[in-house]
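# Descriptive structure summary
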Amino acid sequence: MNEQVKIDLDRAERTEKLQGMGCKRKRVEDIRFTQGKGSYVDDLKLPGMVFGDFVRSPHAHARIVSIDTSRAKAMPGVIAVLTAADLKPLGLHYMPTLAGDVQAVLAEEKVLFQNQEVAFVIAEDRYIASDATELVDVEYEALPCIVDPFKSMLPDAPILREDIKDKMTGAHGPRKHPNHIFEWQIGDKQATDDVFANAEVTIKEMLLDHRTHPSPLETCQSVASFDKVKGELTLWGTFQAPHVIRTVVSLISGLPEHKIHVIAPDIGGGFGNKVGAYAGYVCSVVGSIVLGVPVKWVEDRMENLSTTSFARDYHMTTELAATKEGKILGMRVHVLADHGAFDACADPSKWPAGFMNICTGSYDIPVAHLAVDGVYTNKASGGVAYRCSFRVTEAVFAIERAIEVLAQKLSMDSAELRMKNFIKAEQFPYQSALGWEYDSGNYHVAMQKAMDTIGYKQLRAEQAEKREAFKRGETRELMGIGISFFTEIVGAGPAKNCDILGIAMFDSAEIRIHPTGSVIARMGTKSQGQGHETTYAQIIATELGIPADDIMIEEGNTDTAPYGLGTYGSRSTPVAGAATAVAARKIKAKAQMIAAHMLEVHEGDLEWDIDRFRVKGLPEKFKTMKEIAWSAYNAPPPNMEPGLEAVNYYEPPNMTYPFGAYFCIMDIDVDTGVAKTRRFYALDDCGTRINPMIIEGQVHGGLTEAFACAMGQEIRYDEMGNVMGASFMDFFLPTAVETPKWETDFTVTPSPHHPIGAKGVGESPHVGGVPCFSNAVNDAYAFLGAGNIQMPHDAWRLWKVGERLGLHA
Ligand code: MCN
Ligand code: CUM
């Protein structure tokens, strides 16, 4: 073996041993999860712990005439019953929301949605608490309710929020009606209107991204334990953002922040459902402070689906203006946003409709205007959840459906229309008409790769044949080809435009190298299943040349982790991932000085080689990171402080802009409305890939949820405001049986401003997936003149489309 081959082999071996970035490292957390050894909130059992459960409103809108708790209090095992009257003297019957509104913790004079919290029963066990809720006698006087957001601002609409009815300025400016929350406008209205007035071709469609729910398998829960002697509160809970929860608890309870310990243990899925603050958290805290014992609150499935943060409910009137040749000239969107009874959207403060202004998508659209009206209705609150990247799901749905509608009007192939209007590689960084600077992209290449891989031309030919066969009555099956090309905006965010409660949306990493060269690192984010323990270690492994197996990642304890804004909006990699790389580089710089001292050379004479510093030109003279770590504690250079650790709080200079090209081939039986996904191909570009296997897992999960949303999942209300679909009997949660097979692919366009070039990916498959499914369904029926078919596309609704088109015998 010649010398060079030996060196290469040795380097390859050392690299492999690290299991660093790019490695399909197996998820370390799965060792405990697959053995049932995870530690979730409900696993917590504390001495003297008691249990709370809510009395909830059967009405969507009603006045509370009286609440009588005496029968419940008399039940053996019941310890206390809290109502708004108990919370009011503490100023806790309302709590602030992240959107600048207030939200009732326990309803005082009125209830505003079905299953709203009215009283909190605390008992010796969960069953007694639950039984006792039925003994709380609440007298209601039903009021007319608003379910349809289009009726919310009618002159004679019942006023929902009497608590703020005279407050005609909300957190985001003037309100037009007592049921109006905000109007948000962005873009050049005049220029856009002018383009539409003169355009050769225009389209306009009301596109509904219907109300649904993230429904993580583990529901929302908390355990509060107040130590009266120390005056300290420990709060365990299903929190995607533990530090933010600590700050909120401090602000509303008046307890000093350092006396509050917030711990988010293992979380069984979040999907945005666990960002906000809920009545259950507040009641468990108040219960524990009042009673001096730990209080546990655990939602059941119906409570989760019907009361905690919903997703979507965006009614998007979307318009495009174009030339006859298909060059898009302008976009105009009006959104009616149904926020339910309280504005509890978890957006960065300045963005009442999240990043909806990414709705120009992947296209070079010169002018655009977006207006969003948020309104109150008699439904549960929430609105920013479910792999949404702050309303990017809605934005991408609007543009990707609109592109299909335009293509049809132009009688143009929709892939070709996309290609014609993509932002070109040389246009990056690209300034969008609605205010974003896209950091990087290579759309044509990704789209072409996707089209070639699935055999797009052949599929269209097959579809044309099938359509003819259908017309001749030879088949009852319709073939749809769904396309979506999405651009995401993730990694909130730069301080100039992203804050929560005034706290800039940085994130953090603290890395400590122990004398033996093993590592503990802590971040301000919190995994809910994304595999952070595996992947952050891979970043550190590559940066510092320490095997990932020697690195422990810890998140979710506000006492030990540096302050961070948490995990949502696919921000962990763009923000805390960047902090991790930067903190590691600080350590590496110190390590280089130590190595120079050990090797008795000048720092500049050293070069980094996978897991060691070596002397340039003398590769046999080196010190490994492990050796350096030992030296850092035992014999640091003179005048250098011992130890090897660093912290970084990273404020990103820009967001990251992952993108992807998705294709769905679907066959629909017109007689039953049953849709079968024949093939689903997803090409994702999230820049530098830390763990390809985890990315694939994220894509599989996100696509499955996209399939669910598009094809059946829905939180629907009847005209009385009764929530339909608040159990898994009615709410479509796909199992392995219904779920299609996924094909994944990728291109790599690194983010130019991120230390390792990585972009987020957690929400991409959902953002791109939903319109792809809907486009497939719409494409299947398009040649029959079906017009726009709204989601969800369950068999019943598709059967009705066939009925409407007169396709059934
Ligand atoms: N990753 C990677 N290379 C990249 C980007 C990401 O290997 N270029 C890896 C990361 O290291 C991480 C995972 O992919 O392990 C997701 O990273 P990222 O895209 O940064 O997203 P977050 O970690 O911030 O996760 C949040 C995102 C959101 S907002 C929702 S909603 C969602 C999602 O993640 N909820 C989830 N995926 C989920 N997956 C599970 N299992 N459970 C949830 O609740
Ligand atoms: Cu919008 S759901 Mo995720 O950001 O937790």
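Model, not experiment: these values are computed from the prediction. Think of each chain on its own: its residues are numbered from 1, step by step along the sequence as written. Labels follow written order: the first chain is A, the first ligand is 1, and so on. The predicted nature of this model means local features are confined to residues of pLDDT at least 70 and side-chain atom pairs, given and counted, to a pLDDT of 80 or more, with totals for whole chains, interfaces and linings taken over all residues. Side-chain measures here rest on the full set of heavy atoms in the structure, leaving out hydrogens and waters.

## Remarks on the site of ligand 2
Put simply, the rule reads: Whether a residue is near a molecule or strand depends on its heavy atoms: if one lies within 4 Å, it is near. Under the rule applied, a polar contact is a pair of N or O atoms within 3.5 Å (in protein, one hydrogen donor and one hydrogen acceptor; residues adjacent in sequence only if both atoms are side-chain atoms). Three residue categories are used. Nonpolar comprises Ala, Val, Leu, Ile, Met, Phe, Trp, Tyr, Cys and Pro, charged comprises Asp, Glu, Lys and Arg, and polar comprises the others, including Gly.
What surrounds ligand 2 is the set Q240, F271, G272, A385, Y386, R387, C388, S389, Y568, G569 and E763. A distance of 2.5 Å separates an oxygen atom of ligand 2 from a polar atom in the backbone of G569. Here an oxygen atom of ligand 2 sits 2.7 Å away from a polar atom, N or O, in the side chain of E763. Each residue belonging to the shell around ligand 2 can be placed in one class, and the counts come to five nonpolar, four polar and two charged.

## Quick word on the site of ligand 1
Quick note on the threshold: Each accessible area value is a Shrake-Rupley result obtained with a 1.4 Å probe; residue values ignore everything except the protein chains displayed when judging cover. The secondary structure listing takes helices from DSSP runs of H or I that are at least 4 residues long and strands from runs of E that are at least 2 residues long, numbered from the N terminus.
Near ligand 1 you find 33 residues, and of these G270, H532, S572, T573 and V761 are the closest. Between C686 and ligand 1, the recorded distance is 3.2 Å, taken from a backbone N or O atom to a nitrogen atom. Contact distances for ligand 1 include 3.1 Å between a nitrogen atom and a backbone N or O atom of K759. When ligand 1 is considered free in solution it has 830 Å² of accessible area, and contact with the protein chains removes 95% of it. Among the elements of the structure, helix 14 (532–544), helix 15 (572–599) and helix 17 (692–711) are those that each provide at least two residues to the shell around ligand 1. Taken together, the residues of the shell around ligand 1 break down into nine nonpolar, 19 polar and five charged.

## Things to note about the environment of T133
Selection rule: Between buried and exposed lies partly exposed: a residue is buried under 20% and exposed over 50% of the maximum accessible area for its type, with that area taken using a 1.4 Å probe on protein chains only. Note on contacts: a residue pair qualifies if any of its non-hydrogen atoms lie within 4.5 Å across the two residues.
Among the secondary structure elements, T133 is positioned in helix 5 (residues 126–133). With relative accessibility at 13%, the residue T133 sits in the buried group. Considered as a pair, T133 and L329 are 196 residues apart in the sequence and their alpha carbons are 59 Å apart. Other than its neighbours up to four places away in sequence, T133 contacts D53, F54, V55 and V121.

## Concerning the UniProt feature "domain: Aldehyde oxidase/xanthine dehydrogenase a/b hammerhead" (unreviewed entry) in the protein
Using the following cut-off: UniProt positions are given in the numbering used here, feature names are shortened, and annotations may be inferred rather than shown by experiment.
According to UniProt, the feature "domain: Aldehyde oxidase/xanthine dehydrogenase a/b hammerhead" (unreviewed entry) maps to residues 35–144 in the numbering used here. For the annotated span residues 35–144, helix accounts for 15% and strand for 37% of the residues, and the straight-line distance between the end C-alpha atoms is 51 Å.

## Points about the coordination of the copper atom of ligand 2
For clarity, the cut-off: We call an atom a donor if it is N, O or S and sits within 2.8 Å of the metal, or 3.2 Å for Na, K and Ca. Water is not counted, so some sites may look partial.
From the protein, the copper atom of ligand 2 takes a single donor atom, C388 (SG), 2.2 Å away. Looking at where C388 falls in the secondary structure, it is placed in the loop between strand 21 (382–383) and helix 10 (392–410).

## Things to note about the packing of aromatic side chains
What counts here: Aromatic rings from Phe, Tyr and Trp, taking only the six-membered ring of Trp, are treated as a pair when their centres fall within 6.5 Å; an angle between ring planes under 30 degrees marks them as stacked, one over 60 as edge-to-face, and anything in between as tilted. Our definition puts a charge over a ring when NZ of Lys or CZ of Arg is within 6 Å of the ring centre and also within 35 degrees of the ring normal.
Inspection of the entire model under this criterion finds 35 aromatic pairs. On the basis of an interplanar angle of 80 degrees and a centroid distance of 6.1 Å, the ring pair of F54 and W297 is categorised as edge-to-face. In this pair, F54 is assigned in strand 1 (residues 50–56) and W297 in strand 16 (residues 295–298), connecting sequence segments 243 residues apart. You can call W297 buried: its relative accessible area is 2%. Here the aromatic residues F486, Y662, F680, F707, F732, W742 and F773 are joined through ring pairs into a cluster of three or more. A cation sits over an aromatic face here: R161 above Y376, 5.1 Å from the ring centre. Against the face of F746 rests R689, its NZ or CZ located 3.6 Å from the ring centre.

## Observations concerning helix 8 (residues 279–291)
What counts, and what does not: Residue count minus one, scaled by 1.5 Å, sets the expected span of a helix.
Taking 1.5 Å as the rise per residue, helix 8 with 13 residues should run 18 Å; its terminal C-alpha atoms sit 18 Å apart, in good agreement. Most of helix 8 is tucked away, with 10 of its 13 residues classed as buried. For helix 8, the full list of buried residues reads A279, G280, Y281, V282, C283, S284, V285, V286, G287 and S288.

## Describing empty space enclosed by the protein
Selection rule: Throughout, the protein atoms alone are placed on a 1 Å grid, and a set of points is a cavity if a 1.4 Å probe fits but cannot get out or a pocket if it is open with protein on both sides within 12 Å along at least five of seven lines; lining residues have an atom within 4 Å of a point. Grid points are joined across faces, edges and corners, and a volume is the space filled by probe spheres set on the points. What counts as a domain boundary in this text is fixed by an automatic or database domain assignment.
This model, assessed by the stated rule, comprises five cavities of 30 Å³ or more. The volume enclosed by the largest cavity comes to roughly 240 Å³. Lining the largest cavity are 23 residues, with T97, L98, G276, A277 and A344 positioned closest to its centre. At the level of secondary structure, the elements contributing two or more residues to the lining of the largest cavity comprise strand 4 (94–96), helix 7 (242–253) and strand 21. The element best represented in the lining of the largest cavity is helix 7, accounting for three residues. Here the lining of the largest cavity is composed, by residue class, of 14 nonpolar, nine polar and no charged. Built from parts of two domains, the lining of the largest cavity gets at least three residues from each of domain 2 (41–143 + 219–267 + 274–307) and domain 3 (310–492 + 655–804).

## Comments concerning the sheet that holds strand 35 (residues 675–685)
The test is simple: Strands pair, by our definition, only if DSSP identifies at least two bridges between them. Angles run from 0 to 180 degrees between N-to-C directions of axes, and those axes are lines fitted to C-alpha atoms, restricted for helices to the stretch in contact.
Judged by pairing direction, the sheet is mixed, and its four strands sit side by side in the order 24-34-35-38 without closing on themselves. Looking at strand neighbours, the two that pair on one side only are strand 24 (477–487) and strand 38 (743–746), the edges of this open sheet. Neighbour-to-neighbour, the strand axes of the sheet open up by a mean angle of 15 degrees, direction not taken into account. Alignment of strand 35 against strand 38, held across four bridges, turns out to be parallel. When the sheet's bridge partners are listed, D684 is paired in strand 38 with F746. Against the sheet, helix 17 engages strand 34 (659–669), strand 35 and strand 38, with an angle of about 135 degrees to strand 35.

## A look at the packing of helix 11 (residues 414–421) against helix 12 (residues 443–454)
Basically, it comes down to this: Angles below 35 degrees are treated as roughly parallel, those above 145 as roughly antiparallel, those between 65 and 115 as roughly perpendicular, and all remaining angles as oblique. Crossings are sorted by hand: turned counterclockwise from the far helix by less than a right angle, the near helix makes the crossing left-handed, and turned clockwise it makes it right-handed.
Look at helix 11 against helix 12: their axes get within 10 Å of each other, and the N-to-C directions meet at 160 degrees. By the criterion of interaxial angle, the relationship of helix 11 to helix 12 is roughly antiparallel. In the crossing of helix 11 with helix 12, the sense of the turn from one axis to the other is left-handed. Residues A415, R418 and M419 of helix 11 form the contact with helix 12, whose own contacting residues are H444, M447, Q448 and M451. For the contact of helix 11 with helix 12, the class distribution of residues is four nonpolar, two polar and one charged.

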